[in-house]
Structures are given as C-alpha cells and as structure tokens.
Amino acid sequence: MANPKHEAQDIAQARDSESQQNDVFTEKRGTAGDQKDMYRMGKQQELRRNFRFVSIFGYSMVLMATWETILTTLIIPLTNGGTGGAIVMFLVTTVCMGFVIVSMAEMASMAPTSGGQYHWVSEFAPKKHQRFLSYIVGWMCVLGWQTGIASIAYLAGGQIQGLVILNNGNYVLERWHGTLLVIAVATFAILFNTLLARKLPLVEGIVLVLHIFGFFAVFITMWVLGPKSSSKEVFGKFQDNAGWGSVGLSVLVGQLSPIFALLGADAATHMSEELKDASYTLPRAMIWTAVVNSSLGFLMLVTFCFCLGDVESAISSPTGQPHIQILYNATNSVSGATALASITTVMAVFGCVNNVATCSRQLFAFARDQGVPFSAFLSRVRPGWDIPLNSVIVSFVIAIGLSLINIGSSVAFNSIASLGTCALLSSYIISISCMFVKRWNGEPLLPCKFSLGRAGIWINGVSVVYLCVALVFAFFPTFPHPTPDLMNWNILIYGVVVVFSMVFFYLKGRKVYVGPVEYINKDI
C-alpha cells in the first residue's frame, strides 16, 4: 500500500520541477516584444534572457570602465597635449561619442540581436551592397572583440606587475611573465563565462558597486592627500611633450586615451538576446552607461590633473603605471597605494570577463549566419548550458594564441591587441553611415521604442564625421618619427585583415553567406 506522505512529496516535487521548467521556458522566451523581434529577424531564441536593466547597465559600466581606463592610459594625454589638452579632448570625445552611442542605441532598439553592427548593415545598407558590407563589418567585429580579450587581460597583467614592483623593487619584468598573466586573467574570465554563466547578471550588480565606491575611494583620497596645482596651470597647460612640432596636433593625438575609455558601447548589444524586453531596455542602458561613466571619467581626470605632483616621476615610474606612482606620491604609503590601485586591477579583470561574454556572443551570431569557417560548430548552443559554449572556448584559445606573441615581441603583440579599437571604429562608421543614407534617401525606418526622430540625420552625420577623424588618429604612433619598436603597426595589420576578409568573401563567403536580411520575416 502506497504511503500517502510519500505520494504527497512526489506530487510536490513534480510540481516544483514543472514550475522550474516553466520558469526557464518563460525566461528564454522573454516578453511578447522579444518574441516578436526574434520572429521578425528570423532567429530562434536559444539563449536565456536572465539580464534586466540593472544587470545589463552594470555589465556595460564594468566593460567600459571609463574612470579606470582614464587612469591606466594617463601617459598618452600627459605626453600628448598636457593636462589642458587632456581635459579638452575628453570633453570633445564625450560629446562626439555621445552622438555615436545614441545612433547605435536607436539601431539596437530596431533590431536587438547579438549580431549587432553586421546585422544592422545587412538590414539598413542599400540593397546591392548589403551582403558584402555586412560580411566585412562582421569580420571587423570579430577582429575587434576577439583581440579585446588579450588586450584587456594584458592591461590587467601590466597593472599586477606594477603592483609587484611597487611592493618589491627587486622584481625584474620579463615578457613571459606578462604572457602568463594574460593566460591567468583569460582563464579566470572563461571560468566565469562557463561554470558561473548563470550568475553573471548577479555578479555584474556586485562589481558595479565596486566600480562606484572604488571611484569615491580614489577620488576622495586624491583630493585629501594629493598635492594641488592651480586652476590656471591645470586648464591652461597645453604641451607638446612628444615633439610633434604642433601643440594642436599633439592634443589630437592625445584623444586616443578618451576614445579607448569610451569605446565599447556596442557590448551590451551583443548580449541583447539574453536581455528581457531588449528593444526598450537596451538603448536606455547604453545611454545611461555613457552618461554615468563619462561623468565619472571626467571628474577623475580633472582630479588627477590637479593632483599630479611630479609629472616626470609619474611618466618614468619604475612600475610602468603612472597612476600607481601618482597614488603612491599622494598617499606616501605602499599599502595605501596598493589598495587603491588594486581597484582598477580588479575592474580590468572583470572587464575581461565581460569582454569574453561579448565576443563569444558576437562570434556565435556571425557563425549562425554562416559568416565564419566552422559555423555549425561555433553557432551551437549546448542543451542545458544556454550559452554558446563552443564560441566561448574558441575565444579563449585565440586569446592564449595572441598572448604567446608577447614572448617573441611586445611590439607585435601591442599592435595586434590595440587593433580592436580601429576595427570597432570601422564597424561603427559603416553601420551608422547606412542609417544616414537611409534617412537621406527618405526611406522608411523600422518601428522602435527609442527613436531619434527628425534629429536623427544630423546625429548620424556628426557621428560619422567624428568617427572618421578618430579612426585616422587611432593609427598614429604615440611619438613622431618612431623607431620600429615604438611604431604603431595597426595600419599594416588592419589592411592585411581587410584584404583577407575580402579575398575570403569572394572565394567562399559569397557562396554561403547571404546576410541576416534574407532571414527576415516580412509578414509583420
């Protein structure tokens, strides 16, 4: 005879199991708007929509990490433009990148897909150019985000080495040490994106708290303990320390720092298929990220310009990290400087975590549209994981492969790692240009929950002009007349990749790649 108590327990367990399955199903489907968008774009919902506004906002904030990036790239504007040039170019870059971000936010609201730019180009470009331009932009995004893992991991590793030197002056830097640190940071990021993938939204909220409170910890410490320069000296000091022969040109070269600090607004876009109510939430998260991060970045930049102290000691610091030396000069304490500088290091590590998530989703989406070799393998979402695990693992392997280049040549590695900036800027230029042309021709736009309205054509136009200027200076070396070890080899590598993608398109890509626009359901 069956035990009634056991039967009741079995029934309860069955109901719990069914409830959990329904929750998972609902989470994967998202809202009615999400389902409609996916159906219109001809895509199957395979990823779990477990991101909300706060978590995707935290995700974007941590990946962009503007105030931390401003500190870790401080040597560029100090060498090119001085404190006055650094402040002016940050403000100019913030305003212009603001136009870029709202332009992409509108497109993200129209087509919230992990594909991002290459999908938008496929839908919005003139019909005869859709397939080719979409394919090239897809490769630009793959290049930009895949090199980003190694780049951010290298920055984090460099900061770790700087902290080691601060605490142990006898430490001798070796290139293979940097490679091992890149692999270590990348491994941490991969583990987070596989074993802890479902906890990623929760982690983003926690790290966001560190991002905000870490800002105040450094900000207040510098104003309380750091030396103070006069307002005239800070805001009026425009210098050509690099030797360009023109202060104006030197200031323009110095914009590389704020560009890098404000780059990556499309990161959240590539997570859109894991975001609930994406067409509404995504553009607002992108804009709020830009507003908050640029505000924090500006305040931190002004603070450090006022509290620099001995500029020469910062630039020539044995740590190789000017911000660490400045923090040490202000606190006069190894422990204090280590604690404060560790905040930027931790944020860089979690920035790498988010970069892995972004680049794997972008690779997954492009493979889903037959844009890369081994598309079936890279686009597979393993049942139960609800993430593109194969793309995550391949991204990890690519990062390790790139890190090995550093053992042979730091110059070659830095050129490849920094190539992501040029690639992403190119993808922004082409995708926003397509929207500009569409508006210029008076063609109807897709309905969306975030529209630029009549101002759109002007916003798109300013964005394209600025991005073209920024792209030119992204190829500039930090110093004029550089030796081979200081040369910016981006232009060469960029050209090789573009030519390769074109050749690959004509040999194979055009036979298998039709572009996302061909999968669109036009019955809604």
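Look above for the structure.
Report on the accompanying structure. Source: prediction; values computed, not measured.

Thresholds, definitions, all that
- Residues numbered from 1 in each chain as written.
- Predicted model: local features only at pLDDT ≥ 70, side-chain atom pairs only at ≥ 80, totals over all residues.
- Heavy atoms only, no water.
- Helix = DSSP H or I, 4+ residues; strand = E, 2+ residues; numbered from the N terminus.
- Rg over C-alpha atoms; globule rule 2.2 N^0.38 Å.
- Buried < 20%, exposed > 50% of the residue type's maximum accessible area, 1.4 Å probe, protein only.
- Areas by Shrake-Rupley, 256 points an atom, 1.4 Å probe, with all protein chains shown as cover.
- Lys, Arg positive; Asp, Glu negative; His and termini not counted.
- Charge placed at Lys NZ, Arg CZ, Asp CG, Glu CD.
- Salt bridge = Lys/Arg side-chain N within 4 Å of Asp/Glu carboxyl O.
- Phe/Tyr/Trp six-rings, centres within 6.5 Å; stacked < 30°, edge-to-face > 60°.
- Lys NZ or Arg CZ within 6 Å of the ring centre and 35° of its normal.
- Axes fitted to C-alpha atoms, helices over the stretch in contact; angles between N-to-C directions.
- Parallel < 35°, antiparallel > 145°, perpendicular 65-115°, else oblique.
- Left-handed = near helix turned anticlockwise from the far one by under 90°.
- Contact = heavy atoms within 4.5 Å.
- Nonpolar A, V, L, I, M, F, W, Y, C, P; charged D, E, K, R; others polar.
- Expected span 1.5 Å × (residues − 1).
- Core = buried A, V, L, I, M, F, W, Y, C linked by side-chain atoms within 4.5 Å.
- Patch = residues over 30% accessible without salt bridge, like charges linked within 9 Å, V, L, I, M, F, W, Y side chains within 5 Å.

## Considering the overall build of the chain
Of regular secondary structure, the chain possesses 23 helices and 0 strands. For 524 residues, the compact-globule estimate of 2.2 N^0.38 gives 24 Å, and the C-alpha radius of gyration of the chain, at 24 Å, lies within 12% of that figure. Seen along its three principal axes, the alpha-carbon backbone of the chain occupies a region of about 80 × 70 × 45 Å. Looking at the chain residue by residue over its 524 residues, the buried ones come to 56%. Surface accessibility of the chain: about 21,400 Å² in total, with carbon and sulfur atoms responsible for 67%. If the 33 positive side-chain charges of the chain are averaged to one point and the 28 negative ones to another, these points end up 6 Å apart.

## Here's the deal with unusual backbone geometry
Of note in the backbone geometry, Ala65 takes a positive phi value of approximately 40 degrees without being a glycine. Relative to the helices and strands, Ala65 is located in the loop between α3 (53-64) and α4 (66-72). Even without glycine at this site, Asn332 takes up a positive phi of about 55 degrees. With respect to the element layout, Asn332 can be found in the loop between α16 (322-331) and α17 (334-368).

## What about the pattern of salt bridges?
Inspection of the entire model under this criterion finds 9 salt bridges. In this structure, the salt-bridge partner of Arg49 is Asp34, at a minimum N-O distance of 3.7 Å. Taken together, the positions of Arg49 in the loop between α2 (32-40) and α3 and Asp34 in helix α2 put the pair 15 residues apart, joining distant regions of the chain. For the residue pair Arg49 and Asp34, the accessibility class agrees, reading buried in each case. Among the salt bridges present, the one from Glu106 reaches Arg439, with a minimum N-O distance of 2.6 Å. In this pair, Glu106 sits in helix α6 (residues 82-110) while Arg439 sits in helix α21 (residues 419-440), placing the two residues 333 residues apart along the sequence. Take Glu106 and Arg439: they sit in the same class, and that class is buried.

## A few points about the packing of aromatic side chains
For the structure on display, the rule yields 24 aromatic pairs. Between Tyr135 and Phe366, the ring centres sit 6.0 Å apart and the planes meet at 50 degrees, which makes this aromatic pair tilted. Note that Tyr135 is positioned in helix α8 (residues 130-167) and Phe366 in helix α17, a separation of 231 residues in sequence. There is no split in this pair, since Tyr135 and Phe366 are both buried. With centroids separated by 5.2 Å and ring planes inclined at 55 degrees, the aromatic side chains of Phe188 and Phe192 adopt a geometry described as tilted. One end of the pair is Phe188 and the other is Phe192, both in helix α9 (residues 175-194) and 4 residues apart, which spans about a single turn. Residue Phe188 is classed as partly exposed on the basis of its relative accessible area, which comes to 32%. Joined through ring pairs, the aromatic side chains of Trp67, Phe215, Phe216, Phe219, Trp223, Phe235 and Phe306 make up one cluster. The positively charged end of Arg284 is found above the aromatic ring belonging to Tyr280, 3.9 Å away from the centroid.

## Details of the environment of Asn329
You can see Asn329 is positioned in helix α16. Among the residues examined, Asn329 registers a relative accessible area of 34% and is labelled partly exposed. In sequence terms Asn329 and Thr478 are 149 residues apart; their C-alpha atoms lie 26 Å from each other.

## Examining the packing of α8 against helix α19 (residues 389-408)
At their nearest, the axes of α8 and α19 sit 8 Å apart, and the two run at 55 degrees to each other. In this view, α8 runs oblique relative to α19, as classed from their interaxial angle. Crossing hand, α8 versus α19: right-handed. Residue-level inspection shows Gln146, Thr147, Ile149, Ala150 and Tyr154 of α8 in contact with α19, the latter providing Ser395, Ile398, Ala399, Leu402 and Asn406. Of the residues belonging to the contact of α8 with α19, the class tally is 6 nonpolar, 4 polar and no charged.

## Concerning α3
Along an α-helix, residues three or four positions apart point the same way, because every turn accommodates 3.6 residues. Relative to the 16 Å expected for 12 residues at 1.5 Å per residue, α3 spans 16 Å between its end C-alpha atoms, a close match to the ideal helical length. With respect to burial, α3 is a largely interior element, 10 of its 12 residues being buried. Taken together, the buried positions of α3 are Ser55, Ile56, Phe57, Gly58, Tyr59, Ser60, Met61, Val62, Leu63 and Met64. Positioned one or two residues after α3, Ala65 has a phi angle of 40 degrees, which is positive.

## Notes on the nonpolar core
Within the largest apolar cluster, 143 residues are counted, with the highest numbers of intra-cluster contacts made by Met104, Val218, Phe304 and Leu425. With 18 residues, the single largest contributor to this core is α17. Once residues lying within four places of it in the same chain are set aside, the contact partners of Met104 are Trp120, Ala265, Asp266, Met286, Tyr428 and Ile432.

## Focus on the environment of Phe51
Within the fold, Phe51 resides in the loop between α2 and α3. In the structure, Phe51 is positioned 328 residues away from Ser379 in sequence and 21 Å away in space, judged by C-alpha atoms. Residues contacting Phe51, with those up to four places away along its chain left out, are Ile56, Tyr59, Leu200, Pro201, Glu204, Met271, Glu274, Leu275 and Lys276.

## What to know about a nonpolar patch on the surface
On the surface, Phe53, Val54, Trp288 and Val291 cluster together into a nonpolar patch covering about 390 Å² of accessible area. Every element with two or more residues in the nonpolar patch is listed here: α3 and α14 (278-306). For Val291, the location among the structural elements is in helix α14. According to the relative accessible area criterion, Val291 is partly exposed, its value standing at 40%.

## Observations regarding the environment of Met64
With respect to the secondary-structure elements, Met64 resides in helix α3. When near neighbours in sequence (up to four residues on either side) are disregarded, Met64 contacts Thr69, Ala261, Leu262, Leu263, Gly264, Ala265, Thr289 and Asn293.

Function cannot be inferred from these measures alone, as they are strictly geometric.
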